[in-house]
Amino acid sequence: MQGQLTIVGQGLAGTCLAWRLWSRGKKFRLLHLGEGRSASAISAGLLTPVTGRSLNPSWRLSEFLDEALGFYREVEGVLGEQFFYEIPILRLFAGAEERRMFDRKHELLQPWTGAFLEGKDCPCEAPYGGVIWKGGGRLDTRRFLESSGIFFRDSGLLETGEVDLASGLEVEKPTIMCAGAAGLGSEPFGFLPERRAKGEILTVRIPGQPENRVLSRNGWMIPLGQGLFRVGSTYSWDDLTDSVTTSGRLQVENLVRSFTALSFETVEHVAGIRPIIRQSRPVIGSHPENENLFVFNGLGSKGVLYAPGVADRLAAFLCENREIEEDLNIDAFVG
Ligand SMILES: Cc1cc2nc3c(=O)[nH]c(=O)nc-3n(C[C@H](O)[C@H](O)[C@H](O)COP(=O)(O)OP(=O)(O)OC[C@H]3O[C@@H](n4cnc5c(N)ncnc54)[C@H](O)[C@@H]3O)c2cc1C
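Residues numbered from 1 in each chain as written. Predicted model: local features only at pLDDT ≥ 70, side-chain atom pairs only at ≥ 80, totals over all residues.

Asker: Would you mind going over the sheet that holds strand S9 (residues 130-133) with me for this structure?
Answerer: For sheets, the rule is that strands pair by backbone hydrogen bonds, running either parallel or antiparallel. If you trace the eight strands from one edge of the open sheet to the other, you get S8-S9-S7-S14-S15-S16-S13-S17, paired in mixed fashion. A strand with exactly one partner marks an edge of an open sheet, and here the two such strands are strand S8 (113-117) and strand S17 (265-274). In this sheet, neighbouring strand axes are inclined to one another by 20° on average, regardless of whether the strands run parallel or antiparallel. Taken together, the nine bridges between strand S13 (residues 197-205) and S17 define a ladder with antiparallel strand orientation. Looking across to S17, one finds that Leu202 is bridged to His269. (Pairing = 2+ DSSP bridges. Helix = DSSP H or I, 4+ residues; strand = E, 2+ residues; numbered from the N terminus. Axes fitted to C-alpha atoms, helices over the stretch in contact; angles between N-to-C directions.)

Here it is as structure tokens:
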């Protein structure tokens with residue numbers, strides 16, 4: 001791809017792509033609405049190898065996990081700051097069936113499984129016990145985006161401003177839409193199926209609560225240090241605004257109570273929209289009607305795991321003309 005590229009969006013997708021182009025020495029400019037205005041900025045940043053009620057390892061996990069960890073270490077090296085924190089994740093079984101499912105899937109889950117804990121050894125009410133997942137952690141997404149933003153702004157590559165996404169089809173220079181939820185459900189990528197989902201998260205202060213691991217069961221509680229924990233998240237498909245709601249707050253406060261009997265204080269309440277196309281499997285490639293228009297979207301609930309590896313594949317396509325793998329390629333949706 002000749003000439004300067006434009007990336008629209010500085011969430012996880014746009015930021016990871018910017019780093020991948022930067023490390024290839026490719027010219028680009030990065031446009032976004034402004035700091036904090038993205039799902040990525042409010043995300044809990046959790047990277048869990050095994051998620052969901054069906055207890056399946058994430059899609060292409062080994063490959064994307066290695067790439068993600070390598071990438072975050074590399075950017076940390078450039079910026080001289082830590083963003084990714086490895087931390088054990090204690091998955092508490094929600095019921096007898098989930099526990100049986102774990103036993104059935106033992107072999108499949110073995111690479112990600114640490115110690116098994118009986119209920120009496122769990123730090124909260126957990127009659128079915130729990131298991132420690134290995135290999136996960138937390139990305140401080142806010143710091144990662146802010147520090148990357150400062151770096152790119154100081155390098156003259158980042159600008160703040162609103163782009164008319166609907167006019168994307170008219171672009172004449174290579175433009176990559178990394179607009180998250182705003183880039184789904186309407187032109188120019190309105191033909192992609194989507195199931196965007198709103199999520200609400202609380203940050204709570206819990207004096208005395210141990211901070212040595214993430215607790216997970218129908219949601220998660222992640223230690224941030226200094227007695228603070230991020231807890232969430234809700235899922236809703238009807239209201240796609242980023243306004244917080246009382247019902248969302250109450251739902252997450254109940255989740256806190258399921259993890260600890262200690263009293264807590266809510267210090268922050270935020271909401272954002274997950275850009276979901278096919279669960280959390282991202283989509284990249286060029287628009288069928290304009291070969292200068294590209295998309296990187298659909299990170300779903302797993303932006304921390306998939307954004308670095310998928311950004312690398314898109315950068316390789318843009319800079320080295322390397323073919324996009326079938327299971328990531330937008331062509332799968334083009335009739
Ligand atoms: C409540 C919640 C909790 C989550 N927790 C986790 C988690 O623990 N772990 C995990 O891996 N993932 C999590 N996610 C998912 C994760 O946040 C997403 O996968 C990821 O943020 C998507 O990144 P993105 O760059 O595609 O979109 P976004 O982060 O939304 O970025 C979109 C970018 O596009 C820009 N933009 C949009 N419209 C325009 C326009 N018109 N002009 C210019 N710029 C524009 C915005 O400014 C922004 O920079 C969570 C999401 C939510 C909502």
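Asker: Is there a simple way to explain unusual backbone geometry in this structure?
Answerer: If a residue is not glycine, its phi is most likely negative; likewise, a peptide bond is most likely trans. Backbone torsion omega between Glu187 and Pro188 reads 5°, so that peptide bond is classified as cis. Turning to its location among the elements, Pro188 is positioned in the loop between strand S12 (175-177) and S13. Positive phi is not limited to glycine here, since Arg60 has a value of about 50°. Looking at the secondary structure, you find Arg60 in the loop between strand S5 (56-57) and helix H3 (61-79). Within the chain, Asn218 stands out as a residue other than glycine whose phi angle is a positive 55°. As for its position among the elements, Asn218 is in the loop between strand S14 (214-216) and strand S15 (220-225).

Asker: Where do I start with the pairing of S13 in this structure?
Answerer: Moving residue by residue along a regular strand, the side chains alternate between the two faces of the sheet. Extensive coverage of S13 is indicated by the burial of seven of its nine residues. Note that S13 and strand S16 (residues 228-232) share five bridges and pair antiparallel. By the bridge assignment for S16, Ile201 is matched with Gly232. (Buried ≥ 20, exposed ≤ 12 C-beta atoms within 10 Å, placed from the backbone.)

Asker: What is the right way to read the site of the ligand from this model?
Answerer: Taken together, 42 residues are adjacent to the ligand, and Gly9, Gly11, Gly180, Gly199 and Gly303 come closest. A breakdown of the residues in the shell around the ligand according to their chemical character gives 20 nonpolar, 18 polar and four charged. When residues of the shell around the ligand are sorted by domain, at least three fall in each of domain 1 (5-54 + 141-193 + 278-333) and domain 3 (197-274). (Near = placed C-beta within 6 Å. Nonpolar A, V, L, I, M, F, W, Y, C, P; charged D, E, K, R; others polar. Domains from an automatic or database assignment.)

No statement about biological role is implied by the geometric values presented.
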